[in-house]
Amino acid sequence: MTLVAGVDSSTQSCKVVIRDAETGALVRQGRAAHPDGTEVDPAAWWTALQEALARAGGLDGVEAMSVGAQQHGMVCLDESGAVVRDALLWNDTRSAGAARDLVEELGGPLRWAEAVGSVPVASFTVTKLRWLAEHEPGNARRTARVCLPHDWLTWRLGGEFVTDRGDASGTGYWSPATGSYRTDILKAAFGAVPGLPRVLGPRDQAGELDVPRGGRGPVRLAPGTGDNMAAALGVGAVPGDVVVSLGTSGTAFAVADVPSADPSGAVAGFADATERFLPLVCTLNATRVLDAAARLLGVDLDRLGRLALEAPAGAGGLVCVPYLEGERTPNLPDATGSLHGLTLGTSTPAHLARAAVEGLLCHMADAFDALGLDPARVLLIGGGARSEAVRRIAPAIFGRPVVVPEPGEYVADGAARQAAWLLGGGAEPPVWERGGTERFEADATPDVRARYAEARDGR
Ligand SMILES: Nc1ncnc2c1ncn2[C@@H]1O[C@H](COP(=O)(O)OP(=O)(O)O)[C@@H](O)[C@H]1O
Ligand SMILES: O=C(CO)[C@@H](O)[C@H](O)COP(=O)(O)O
């Protein structure tokens, strides 16, 4: 059996899956935690990757490997290839002011949407580079090359300084529409143009990993990609689907045949990991809202879910606006969360649990609406989709059925599928057998969304 390895180096952890290249059957897997915080030494990702790989039984029998990772993170390297400072992650909001300045300097949001498909907010790499130039000029001067988390891991594994269309499209200085870097934008933002990874096509090889494997040759590396692009590949999303992913970030995205450019800034016009595009809405707050509610109540996530299902729809008027980490969509980097409608009656663990789940889902329904699509299927994935309460309440809040694929590591799976594509060649990724899906339906609760909107907008 020929095996492939897929990696998901996400915000909270690193996951590795080893799958049969031909059928996609899961053979073994492993995971390891990442440190907390919005700036992280990339060495921690490397350590977690080694641990997760070891827990997955190593690379025995693996012929190709690919890395999917959290998007946007700024990894600066000096002339020798050493990391200049801790990476600033997608959820680090210190560059919000830099984002505002850059939008104004280029002539407004429309100019950005036309130039690179997205209007930058603090998440985008270009704004982090501007922040670095302004606040740490010594580190900016030492920066000879800049790359993203998946680029850095791929480089450490195989020695080639490369990226792919999907991840490049989250920098703010690469255009999905033209398929080229906008070094003029990078120069204007950063004051210099550091070395940038070469952008590979979806089937290109990104080097080789020389590991002792009992006389077999090196492991071939696929280009890898951003985690959302990998998730789209892993779940097998096709035009007509919207995927809602509940992880550390919340995302709603679709596979499209043409690039998008939304001047409102809500929809990021990313490229995907094939030769298509991935319009995407991203929130800073998603499953950690549930983690926070569980912590507040002193219960685990399963108990939180059961409590949420004990309370009535609408939580008796208790509404949670879940901007616990500031927010990106809407662009409110300094926002905080709030609870509305506390009464003696709603001051129970069940009401609070319900308000947290509904608040998260109303927030994600706003993200879904911002995409402006009427999809044939809404797929719910990510760690949050493991929650029974989330699965049952989601169709009521979204006002449409949701389809939940078997719980799994869809980012790592997408990376593994990309690795199998590298091995097999062919115009499209290999067709893999898929696990089952479960469809959830419920009567729509528009009044819950209306009350959420009032609280959100301070009415
Ligand atoms: N049974 C569960 N119920 C609710 N949430 C869960 C459950 N299992 C995992 N999660 C959530 O999944 C989150 C991690 O999701 P994941 O998609 O792995 O995130 P990321 O890839 O961004 O690191 C955790 O924050 C946790 O809240
Ligand atoms: O910034 C974005 C998308 O634009 C995030 O989706 C990151 O890519 C982090 O992903 P997770 O760790 O939540 O999967």
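Because the structure is predicted, anything quoted here is derived from the model rather than measured. (Residues numbered from 1 in each chain as written. Chains lettered and ligands numbered in written order. Predicted model: local features only at pLDDT ≥ 70, side-chain atom pairs only at ≥ 80, totals over all residues. Heavy atoms only, no water.)

Look at helix 10 (residues 287-297) against helix 11 (residues 301-310): their axes get within 9 Å of each other, and the N-to-C directions meet at 90°. As the angle between them shows, helix 10 and helix 11 are arranged roughly perpendicular. Only L301, L304 and L307 of helix 11 make contact with helix 10, whose side of the interface consists of L290, D291, A293, A294 and L297. Residues belonging to the contact of helix 10 with helix 11 are distributed by class as follows: 7 nonpolar, no polar and 1 charged. (Axes fitted to C-alpha atoms, helices over the stretch in contact; angles between N-to-C directions. Helix = DSSP H or I, 4+ residues; strand = E, 2+ residues; numbered from the N terminus. Parallel < 35°, antiparallel > 145°, perpendicular 65-115°, else oblique. Contact = heavy atoms within 4.5 Å. Nonpolar A, V, L, I, M, F, W, Y, C, P; charged D, E, K, R; others polar.)

With respect to the element layout, A21 can be found in the loop between strand 2 (13-20) and strand 3 (26-33). The spatial distance from the C-alpha of A21 to the C-alpha of E63 is 8.8 Å, given a sequence separation of 42 residues.

Quick look at the packing of aromatic side chains now. Within this structure, the stated rule accounts for 5 aromatic pairs. Relative to F398, the ring of F368 has its centre 5.7 Å away and its plane inclined at 75°; by these criteria the two rings are edge-to-face. Linking F368 in helix 12 (residues 349-371) with F398 in helix 13 (residues 388-398), this pair joins segments that are 30 residues apart in sequence. Residue F368 is classed as buried on the basis of its relative accessible area, which comes to 4%. Look at F398 and you get buried, because its relative accessible area is 9%. One Lys or Arg, R145, reaches over the ring of F161 and ends 4.6 Å from the middle of that ring. Looking at R156, its charged tip hangs above the ring of W46, at a distance of 4.3 Å from the centre. (Phe/Tyr/Trp six-rings, centres within 6.5 Å; stacked < 30°, edge-to-face > 60°. Buried < 20%, exposed > 50% of the residue type's maximum accessible area, 1.4 Å probe, protein only. Lys NZ or Arg CZ within 6 Å of the ring centre and 35° of its normal.)

So, about the site of ligand 1. Around ligand 1 sit 14 residues in total, of which K15, T248, T287, D291 and G383 are the nearest. At a separation of 3.2 Å, an oxygen atom of ligand 1 approaches a polar side-chain atom of S10. Measuring from an oxygen atom of ligand 1, one finds a side-chain N or O atom of T248 at 2.6 Å. Look at ligand 1: alone it shows 580 Å² of surface, and the protein chains cover 82% of it. (Near = heavy atom within 4 Å. Polar contact = N/O pair within 3.5 Å; in protein donor to acceptor, adjacent residues only side chain to side chain. Areas by Shrake-Rupley, 256 points an atom, 1.4 Å probe, with all protein chains shown as cover.)

Turning to the packing of helix 11 against helix 12, a few remarks are in order. Between helix 11 and helix 12, the shortest axis-to-axis distance is 7 Å and the interhelical angle comes to 100°. The angle between helix 11 and helix 12 falls in the class roughly perpendicular. Judged by residue contacts, L304, L307, A308, L309 and E310 of helix 11 engage P349, A350, A353, R354 and V357 from helix 12. Each residue belonging to the contact of helix 11 with helix 12 can be placed in one class, and the counts come to 8 nonpolar, no polar and 2 charged.

Near ligand 2 you find 15 residues, and of these T11, H72, D227, S249 and R328 are the closest. Note that an oxygen atom of ligand 2 is positioned 2.5 Å from one of the side-chain N or O atoms of T11. The contact in question runs from an oxygen atom of ligand 2 to an N or O atom on the backbone of Q71, over 2.9 Å. Within the complex, the protein chains bury 95% of what would otherwise be the 380 Å² of accessible surface of ligand 2. The pocket occupied by ligand 2, as judged from atoms lying within 2 Å of grid points, is the largest pocket. Only helix 9 (227-235) and strand 19 (277-283) provide two or more residues apiece to the shell around ligand 2. Tallied by class, residues from the shell around ligand 2 come to 4 nonpolar, 9 polar and 2 charged. (1 Å grid on protein atoms, 1.4 Å probe; cavity = no way out; pocket = protein on both sides within 12 Å on 5 of 7 lines; lining within 4 Å. Sits in = over half its atoms within 2 Å of the grid points.)

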